[in-house]
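Given next are the chains, with one letter for each unit.
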Amino acid sequence: MVTMKELPKEEYLLKGHAACAGCGAAVSLRLLFKALGNRVFLIVPACCTTVIQGPYPYTAFGVPLQNILFESTAAAASGVVAALQQRKVKDVTVVGWAGDGGTADIGIQALSGAAERKTNFIYICYDNEAYGNTGMQRSGLTPYGAWTTTTPSGKKERKKDMPMIMAAHKIPYVATACASFPLDFVNKVRKARDIQGTKYIHLLAACPTGWRYDTSKTIEMGRLAVQTGLFVLYEVENGKFKFNPPSDRLIDKSKRKPVREYFAAQGRFRSLTEEDIVTIEKWSDEDWDHYRKLASECL
Ligand SMILES: Cc1ncc(C[n+]2csc(CCOP(=O)(O)OP(=O)(O)O)c2C)c(N)n1
Ligand SMILES: [Mg+2]
């Protein structure tokens, strides 16, 4: 387990990037590069990260990168993995880095196919819970009740359970993470790097622009998502489910902060009713029951 002091000093997210102030995805990219250094090949579909790089011909990413069509991340990664194998390059980690829309909506078939073929790469879905790049339209990972430009009075459908969809592919490693718990994320990336096959990390990436909170509060927002139990940190390694800190200390509901604290902190939840909050809390309790069962089966 790497500690904060042991994190490399090198920066591969360079000055001049074009992320919004307080962008959770940018903080996460910095950590990703700290975890992997520059022996990495990044595949990026159309998403905020295409903008964060900065305008062509400049780039603020000090790593090799391919920008690819919105739906094609995992298909392109499969090609890059095959090309590296052909050239006998063994020390480069291929990473698909895609948004929630690019993952749970348009890119899901390519990802499912790559996972079924056991493609040797890490797929990271950075989940800002909407189509950020095009101005915050709803995605399959926008949570129930959240405002987006296409759900002006709050989304009426639930969020897809993307990490569990990937776990159902029986790949060797699935994990959830958030930049608010930086070492947890870095260690999960390093663990994934050293496992053969398809690895999936679901990364919550708070977004002040779309979630409507002050740009200084991105880390706080991720923490709150975990502390309220609405986002749970866990791993599924070779089919075995395990809670990670601090979620492992929140199994007892009385230890969690009230979910309404998370909703009150963000403008996008302004139209939530009391009834909605009760419903969401019930769903969250059901999720925890399910995770608890999975964890106890694995003891
Ligand atoms: C086939 C196709 N449809 C639509 C678009 C327009 N488009 C570009 S990025 C984007 C949204 C991406 O959302 P997400 O994957 O969540 O990433 P984010 O922008 O939030 O980082 C859309 C709709 C496109 N590039 N290609
Ligand atoms: Mg998004």
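This text goes with the structure placed above it.
Here the structure is a predicted model, which is why all the values come from computation and not from measurement.

Colleague: Would you take a moment to explain the environment of phenylalanine 263 for this structure?
Modeller: Tracing the sequence through the fold places phenylalanine 263 in helix α10 (residues 259-264). Of the residues examined, phenylalanine 263 reaches a relative accessible area of 7% and is grouped as buried. As for phenylalanine 263 and lysine 240, which are separated by 23 residues in sequence, their C-alpha atoms are 32 Å apart. Excluding anything up to four places from it in sequence, phenylalanine 263 contacts Leu230, Phe269, Leu272, Ile277 and Ile280.

Colleague: Before we go on, may I ask you to explain the site of ligand 1 in this structure?
Modeller: Surveying the vicinity of ligand 1 reveals 16 residues, the closest of which are Cys48, Gly102, Tyr126, Gly132 and Asn133. Contact between ligand 1 and glycine 101: an oxygen atom at 2.9 Å from a main-chain N or O atom of the residue. At a separation of 2.5 Å, an oxygen atom of ligand 1 approaches a polar side-chain atom of tyrosine 126. When ligand 1 is considered free in solution it has 590 Å² of accessible area, and contact with the protein chains removes 74% of it. For the shell around ligand 1, the element with the highest residue contribution is helix α4 (residues 100-105), accounting for three residues. Looking at side-chain class alone, the shell around ligand 1 contains eight nonpolar, seven polar and one charged residues.

Colleague: Whenever I open this one, the environment of tryptophan 283 confuses me. Can you help?
Modeller: Structurally, tryptophan 283 can be placed in helix α11 (residues 274-297). A relative accessible area of 17% means that tryptophan 283 is categorised as buried. Apart from residues lying up to four places away in sequence, tryptophan 283 is in contact with Tyr144 and Arg158.

Colleague: Whenever I open this one, the packing of aromatic side chains confuses me. Can you help?
Modeller: This structure, assessed with the given rule, holds 15 aromatic pairs. For the pair tyrosine 234 and tyrosine 291, a centre-to-centre distance of 5.1 Å together with 45° between the ring planes defines the contact as tilted. With tyrosine 234 in strand β7 (residues 234-237) and tyrosine 291 in helix α11, this pair connects stretches of sequence that are 57 residues apart. Ring geometry for phenylalanine 241 and tyrosine 291: centres 5.5 Å apart, planes at 15°, overall stacked. Note that phenylalanine 241 is positioned in strand β8 (residues 240-243) and tyrosine 291 in helix α11, a separation of 50 residues in sequence. Here phenylalanine 241 falls in the buried class, since its relative accessible area comes to 5%.

Colleague: Got a minute to help me understand the nonpolar core in this structure?
Modeller: Across soluble globular proteins, you tend to see nonpolar side chains buried next to one another. Counting residues in hydrophobic clusters, the biggest one holds 38 residues, and the most contacted among them are Leu32, Phe33, Leu42, Trp97, Ile124 and Phe185. Those elements that place two or more of their residues in this core are α1 (24-36), β1 (40-45), β3 (93-99), β4 (121-127), β5 (173-178), α7 (182-193) and β6 (198-204). For this core, the element with the most residues is α1, which contributes eight residues. Counting residues in each nonpolar core, the second largest holds 35 residues, with Leu111, Tyr123, Met162 and Met164 among its members.

Colleague: Quick question: what am I supposed to make of the pairing of β4 here?
Modeller: Side-chain positions along a regular strand alternate between the two faces of the sheet. β4 sits mainly inside the fold: seven of its seven residues count as buried. The pairing of β3 with β4 spans five bridges and is parallel. Across the sheet, the residue bridging to glycine 99 is tyrosine 126, located in β4. Pairing of β4 with β6, which is carried by seven bridges, proceeds in the parallel orientation. Paired with isoleucine 124 across the strands is isoleucine 201, a residue of β6.

Calculation rules
Residues numbered from 1 in each chain as written. Chains lettered and ligands numbered in written order. Predicted model: local features only at pLDDT ≥ 70, side-chain atom pairs only at ≥ 80, totals over all residues. Heavy atoms only, no water. Helix = DSSP H or I, 4+ residues; strand = E, 2+ residues; numbered from the N terminus. Buried < 20%, exposed > 50% of the residue type's maximum accessible area, 1.4 Å probe, protein only. Contact = heavy atoms within 4.5 Å. Near = heavy atom within 4 Å. Polar contact = N/O pair within 3.5 Å; in protein donor to acceptor, adjacent residues only side chain to side chain. Areas by Shrake-Rupley, 256 points an atom, 1.4 Å probe, with all protein chains shown as cover. Nonpolar A, V, L, I, M, F, W, Y, C, P; charged D, E, K, R; others polar. Phe/Tyr/Trp six-rings, centres within 6.5 Å; stacked < 30°, edge-to-face > 60°. Core = buried A, V, L, I, M, F, W, Y, C linked by side-chain atoms within 4.5 Å. Pairing = 2+ DSSP bridges.

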